[in-house]
Amino acid sequence: MRTYSWEEEIPAHQVLAPDGSVVGEWPESLDDERLRSFYRWMVFARRFDQRALTLHRQGRLGTYAPFSGQEAAQIGSFAALEKTDWVFPSYREVAGMMYHGLPPEMALLFSKGHPDAGKVPAELNMLPGKIVIAAQILHAVGAAWACKQRGEDRVASAFFGDGATSQGDFHEALNFAAVFRVPAVFFCQNNQFAISVPVTRQMATPTVAQKAVAYGIEGIRVDGNDVVAVYAAMCRAVARARAGGGPTLVEAVTYRQGPHTTADDPRRYRDPQVHQTWVEALDPIRRLRLCLERRGAWDEAAESAWIREADERIAAAVERAESYPAPDAAEVLFGHVYAEPTPALAAQRAGFLAEQAEGGANGWPGAR
Amino acid sequence: MAGRTMIQAIQDAIATALARDPRVMVLGEDVGKNGGVFRATEGLQERFGEGRVIDTPLAESGIVGTAVGLALAGMRPIDEIQFLGFIYETMDQLASQAARIRFRTQGRCTVPLVVRAPFGGGVRTPELHSDSLEALFLHTPGLKVVMPSNPYDAKGLLLAAVEDPDPVLVLEPMRLYRLGRMEVPDGFYTVPIGPARLAREGEDVTIVAWGPTVPIALEAAEAAAAEGVSCEVLDLRTVSPFDAAALTQSVEKTGRAVVVHEAVRSGGVGAEVLAAIHDGAFYSLLAPVERVTGFDTPYPPPAVEDLWLPTPARVLAAVRRVMQA
Ligand SMILES: Cc1ncc(C[n+]2csc(CCOP(=O)(O)OP(=O)(O)O)c2C)c(N)n1
C-alpha cells in the first residue's frame, strides 16, 4: 500500500545570512534606497516597542504586546502590499501596521484602552489588530473573495502567529481560499511561542508552510529575520494572488524577543541559551545593518540621525496619545451598538446621562 | 486550614482532584509549564506529569471536544478556557455536544466534564477578556453553571463539579482572584452545586448577586444599613440550576428585591431571577424588582469600563428606589 507522507524538507528561504552577506537571489525591485527605508522603519519600530514597554513600567500604558525581534518579518511583508490592499492583522502586528500607515499614537491608544484605537484611518483597508486568535484569517478570505467578485485589483492579507494555525478558523480559511481561488495571502509569523507553548508542542509537523500542501495551495517557508527574504517571499505571494493564481501561505520563522505581553513572564518557559542566540546573532536589525554596511549604505552618522529622527517621531506620538481627548462615554457605549439604537439602548443612554448629571456610577446618587 | 486567595484555593482544588482521582486530567492553553496565565495550575505539571496536566494546541473547540471524548471514555477532564470570551469558540462542542449526550442517548452515555474559565470586568483587559456570559449557559439544558464569589466556595464548588456526573462550567471572577484571603480547609471537601448562600441577613430588601457582584452587593448593603435600611444578600453561587426556593424564602420575608449582575441586561440571568420571584413570591412583593446590570452593549474598552459596571452606588440607588416605591 502506498501512503501519503511528508518527506521533502525544504530549508527556509534566505537571502541574507546572519552576518549580512548575500546567500540567495536578490529581489529585482529592491535597491539600496528601499533597503535603507526598511532599516529606518525597523529601527523606528524597535525603539517604539522599547518606549512602549517603558511607558507601561511607568504606569502610563496598559497591557502591551511587544513585537521586538519580529521587525524584519513585519516590515518585509507589509512592504510587499499596496496601500489599497486589505489587511487583517493580529494584535502583534503593530510594526507592520505603522509601516502601512497606522499613526503610532493609535497603537498607544489601544494599550491605553481608548475606544478610538479601533478607528483605523479611513484611507486604509485595514482592521484593528484582532484579539481572538485566527478569526481574522477567515475575514481575509471573504475580503479577497469580494475583491474577486467585484473585479478589483486588490489582494487581502491575513497576519497571525504559529498558535493560530491550531484553530479551526485557520484550516477553514485555507480551504475556502483554495476552493474559491481567491486573491488571499496568509502570513504566519512563527515566533516560536504561543504565550508559553513552544511551536514544537503546537504542531507535530516540522513547519507551518507544509500545511499549504494539504489544501492545494502554495506554501513558502522563509527566514523571518531576513527582511530581504521576507520581502521576496511576500512579493511572490502577492503577485500570484493579484494575477489570479490563488492563495499562498507564507511562514516567516522568527522569534519574539520580549514577553508575550506586559502581563507575561517569559523566564518561566524560555531557554536562556536559545534566547540569547536569537537576540544577538540572529537579530533582524543587526543582520540588515551588516548587509547595508557591506553595501556601503550605512555609517555611524546616518545611524545616529535615524535614531534621533525615530525618537522624535515617537516622542510626538506619545505626546499626541497622552493629550488625546478623553472618550465621550455615552457616545462610546451607546452610539455604536447598532446603526439605530434600540428602544432599550435609548432608555439606558438616557438613564446613564441622568446618572452622570447626579454624580455618576460611583457618585452615591440621591439625597443623603 | 490556611489563608488562601481565590486563585490559590482553585489551584488547591485542582491539585486535590488530581491527587485523589487518577482519571482527572487538566487540559488548556498555557496550563502546564506556565502554570496558567493566572497561575491556577501553578506547579501541577511538575507534580503530576505532562500526561495529566497538558498544554494543548491553541484551539478551544479542540480542548472541549476532545474532553467530551475523554469523559465519555472514562476520564475526568478539567478544561481551562483562558478567558470566558473565548468560549464562543467551543459553542458547538459545549452546547450541542457535551450538554446533550445524556439526553440524546437517554442516559446511556454521560459527559462528566468540568470547564473552568476566568471572566469579569474591572481589570483593564482587551476586548472579549471581560465578558460575563453565564446567561448563554443557563439557556443550555444539560449544562450546570457555578460562579463562586469567595475562596472557600471556589474550591468546594470546583471539587463538586469534578464529582458531578454532568458537564459543569465553573466561572471564576478574575477580579476576585487575588482580592483578599480566607480560611480554606486543606484536602477534599465539596460545596454542593445548587444551594444559594445567605451572605448577609436582613429584613427590608433582598439583594441577589453571584460571582463578582457579591462584594458589590455587600458594600451596598453596608451603605444602606447606614441609612437604616436592612438588606439581605443572597449569593446564588450556582446559576444553573439556581436556588429558587432560597430566593422565594428571602423575598417572602423582605418583600423587595434588587438583582445585580455584570452581564448585559436583556436576557440576563437577572430576568430569570425576576421570573422566579414572580412565580414564588409575587404576593409578598411591596415594590417592583430592580435590576442593576451591565448595559445592552458589548463589554467596553478599559477607558470607560468603570462607567459600565454595576457599582455599590448603583446598587444603593436601586435599594432606595425599591424602598420608596
Ligand atoms: C481564541 C483565543 N484563544 C485564546 C486567546 C488567548 N491568547 C492570546 S494570545 C495567545 C497566543 C497566541 O499565539 P500565536 O498565535 O503564536 O501568536 P503570538 O502571540 O505569538 O504572536 C493566546 C492563547 C485568544 N486571544 N483568543
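Residues numbered from 1 in each chain as written. Chains lettered and ligands numbered in written order. Predicted model: local features only at pLDDT ≥ 70, side-chain atom pairs only at ≥ 80, totals over all residues. Heavy atoms only, no water.

Looking up chain B in an unreviewed UniProt entry gives the name Pyruvate dehydrogenase E1 component beta subunit, with the organism given as Alicyclobacillus macrosporangiidus. Under the Cofactor (unreviewed entry) heading, UniProt states for chain B: "thiamine diphosphate". (UniProt positions renumbered as here; feature names shortened; annotations may be inferred.)

An unreviewed UniProt entry annotates chain A as Pyruvate dehydrogenase E1 component subunit alpha originating from Alicyclobacillus macrosporangiidus. Quoted verbatim from the Cofactor (unreviewed entry) field of the UniProt record, the comment on chain A reads "thiamine diphosphate". In its Function (unreviewed entry) section, UniProt records this for chain A: "The pyruvate dehydrogenase complex catalyzes the overall conversion of pyruvate to acetyl-CoA and CO(2). It contains multiple copies of three enzymatic components: pyruvate dehydrogenase (E1), dihydrolipoamide acetyltransferase (E2) and lipoamide dehydrogenase (E3)."

Asks: How would you sum up the overall build of chain A? Please name residues and give values.
Replies: When helices and strands are tallied, chain A shows 14 helices and seven strands. Here chain A has a C-alpha radius of gyration of 22 Å; the compact-globule value for 368 residues is 21 Å, and the two agree. For chain A, the spread of C-alpha atoms along the three principal axes comes to 80 × 55 × 45 Å. Looking at chain A residue by residue over its 368 residues, the buried ones come to 53%. The long-range fraction of contacts in chain A, counting pairs at least 24 apart against all pairs at least 6 apart in sequence, stands at 74%. Here chain A carries 38 positive and 45 negative side-chain charges, and the mean point of each set is 2 Å from the other. (Helix = DSSP H or I, 4+ residues; strand = E, 2+ residues; numbered from the N terminus. Rg over C-alpha atoms; globule rule 2.2 N^0.38 Å. Buried < 20%, exposed > 50% of the residue type's maximum accessible area, 1.4 Å probe, protein only. Contact = heavy atoms within 4.5 Å. Lys, Arg positive; Asp, Glu negative; His and termini not counted. Charge placed at Lys NZ, Arg CZ, Asp CG, Glu CD.)

Asks: Got a sec to walk through empty space enclosed by the protein? Specific residues and values, please.
Replies: All names here are of chain B. Throughout the structure, instances matching the rule amount to one cavity of 30 Å³ or more. Here the largest cavity is characterised by a volume of approximately 30 Å³. Lining the largest cavity we find Ala17, Arg20, Asp21, Val24, Leu159, Val162, Glu163 and Phe188. Looking at the lining of the largest cavity, the elements that each hand over two or more residues are helix H1 (6-20) and helix H7 (151-163). For the lining of the largest cavity, the element with the most residues is H7, which contributes three residues. Taken together, the residues that form the lining of the largest cavity break down as five nonpolar, no polar and three charged. (1 Å grid on protein atoms, 1.4 Å probe; cavity = no way out; pocket = protein on both sides within 12 Å on 5 of 7 lines; lining within 4 Å. Points joined across faces, edges and corners; volume = space filled by probe spheres on them. Nonpolar A, V, L, I, M, F, W, Y, C, P; charged D, E, K, R; others polar.)

Asks: Requested: an account of the side chain of Arg256(A), with residues and values cited.
Replies: With respect to the element layout, Arg256(A) can be found in the loop between strand E7 (248-253) and helix H10 (272-279). Among buried charged residues, Arg256(A) stands out as having no salt bridge; its nearest opposite-charge side chain is Asp264(A), 4.0 Å away. (Salt bridge = Lys/Arg side-chain N within 4 Å of Asp/Glu carboxyl O.)

Asks: Tell me about the pattern of salt bridges, and please be specific about residues and values.
Replies: The full count for this structure, using the stated rule, is 41 salt bridges over all chains. The residue Asp85(A) makes a salt bridge to Arg242(A) at a minimum N-O spacing of 2.7 Å. Residue Asp85(A) is located in the loop between helix H2 (71-78) and strand E1 (86-88), and its partner Arg242(A) is located in helix H9 (residues 227-242); the two are separated by 157 residues in the primary sequence. Residue classification places Asp85(A) among the buried positions, given a relative accessible area of 0%. Several salt bridges share partner residues, and in doing so they unite Arg4(B), Asp12(B), Lys155(B) and Asp186(B) into one network.

Asks: Got a sec to walk through the interface of chain A and chain B? Specific residues and values, please.
Replies: On the chain B side, the residues contacting the 43 residues of chain A number 44 residues. Surface buried jointly by chain A and chain B totals about 3500 Å² across both partners, of which 59% is contributed by carbon and sulfur atoms. Our count for the contact surface shared by chain A and chain B stands at three salt bridges. Put simply, Arg268(A) and Glu42(B) hold a salt bridge, and the shortest N to O gap is 2.6 Å. Along the contact surface separating chain A from chain B lie nine residue pairs in polar contact (both at pLDDT 80 or more). Of all the secondary-structure elements, those providing two or more residues to the side of chain A that touches chain B are helix H7 (199-202), helix H13 (329-334) and helix H14 (343-357) of chain A. Sort the elements by how many residues they give to the side of chain A that touches chain B and H14(A) lands first, with six residues. Partitioning the side of chain A that touches chain B into residue classes produces 23 nonpolar, 13 polar and seven charged. (Buried area = accessible area lost by both parts, 1.4 Å probe. Polar contact = N/O pair within 3.5 Å; in protein donor to acceptor, adjacent residues only side chain to side chain.)

Asks: Could you give me a rundown of H14(A), with the residues and numbers involved?
Replies: Given a rise of 1.5 Å per residue, 15 residues ought to cover 21 Å, and the 21 Å separating the end C-alpha atoms of H14(A) matches this to within 8%. Of all the positions in H14(A), only Leu345(A), Gln348(A), Phe352(A) and Glu355(A) are classed as buried. Seen from one end, H14(A) has its buried residues packed into an arc of 85°, which puts them on one side. Away from its buried face by more than 90 degrees, H14(A) exposes Pro343(A) and Ala357(A). Considering only its buried residues, H14(A) is in contact with H13 of chain A together with helix H11 (302-308) and helix H12 (312-324) of chain B. Of the residues flanking the end of H14(A), it is Gly359(A), one or two places downstream, whose phi is positive at about 125°. (Expected span 1.5 Å × (residues − 1). Arc of directions from axis to C-beta.)

Asks: For the site of the ligand, give the residues involved together with the corresponding values.
Replies: Close to the ligand lie 21 residues, the nearest being Tyr91(A), Arg92(A), Ile131(A), Gly163(A) and Glu60(B). Residues lining the ligand come from chains A and B. At 2.7 Å from an oxygen atom of the ligand is found a main-chain nitrogen or oxygen belonging to Gly163(A). Between the ligand and Ala164(A), the relevant distance is 3.0 Å, taken from an oxygen atom to a main-chain nitrogen or oxygen of the residue. Surface burial for the ligand is 97%, taken as the share of its 580 Å² of free accessible area covered by protein chains. (Near = heavy atom within 4 Å. Areas by Shrake-Rupley, 256 points an atom, 1.4 Å probe, with all protein chains shown as cover.)

Asks: Before we move on, can you summarise the sheet that holds strand E3 (residues 184-190) of chain A with the specific residues and values?
Replies: Residue and element names in this part refer to chain A. One open sheet accounts for five strands, arranged E1-E2-E3-E7-E6; its pairing is parallel. Taken across any chain shown, the strands that pair with only one partner, and hence form the sheet edges, are E1 and strand E6 (218-223). Taking the axes of each pair of neighbouring strands and ignoring which way they run, one obtains an average angle of 20° across the sheet. Of the pairings in the sheet, the one linking E1 to strand E2 (residues 156-161) comprises three bridges and is parallel in character. Bridging across to E2, Trp86 finds its partner in Ala156. Its contacts with the sheet put helix H6 (residues 168-180) on E2, E3 and E7, and the angle it makes with E3 is roughly 150°. (Pairing = 2+ DSSP bridges. Axes fitted to C-alpha atoms, helices over the stretch in contact; angles between N-to-C directions.)

Asks: How would you explain the environment of Ala276(B) if you had to name every residue and give the values?
Replies: Residues and elements named next belong to chain B. By the secondary structure assignment, Ala276 is in helix H10 (residues 269-281). Placed 31 residues apart in sequence, Ala276 and Ala245 show a C-alpha to C-alpha distance of 9.0 Å. Setting aside its immediate chain neighbours within four residues, Ala276 contacts Phe242, Ala244, Leu247, Thr248 and Ala281.

Asks: Residue-level account of the UniProt feature "domain: Dehydrogenase E1 component" (unreviewed entry) in chain A, with values.
Replies: Annotation from UniProt places "domain: Dehydrogenase E1 component" (unreviewed entry) at residues 39-328 of chain A. Its end C-alpha atoms 39 Å apart, residues 39-328 of chain A is made of 47% helix and 11% strand.

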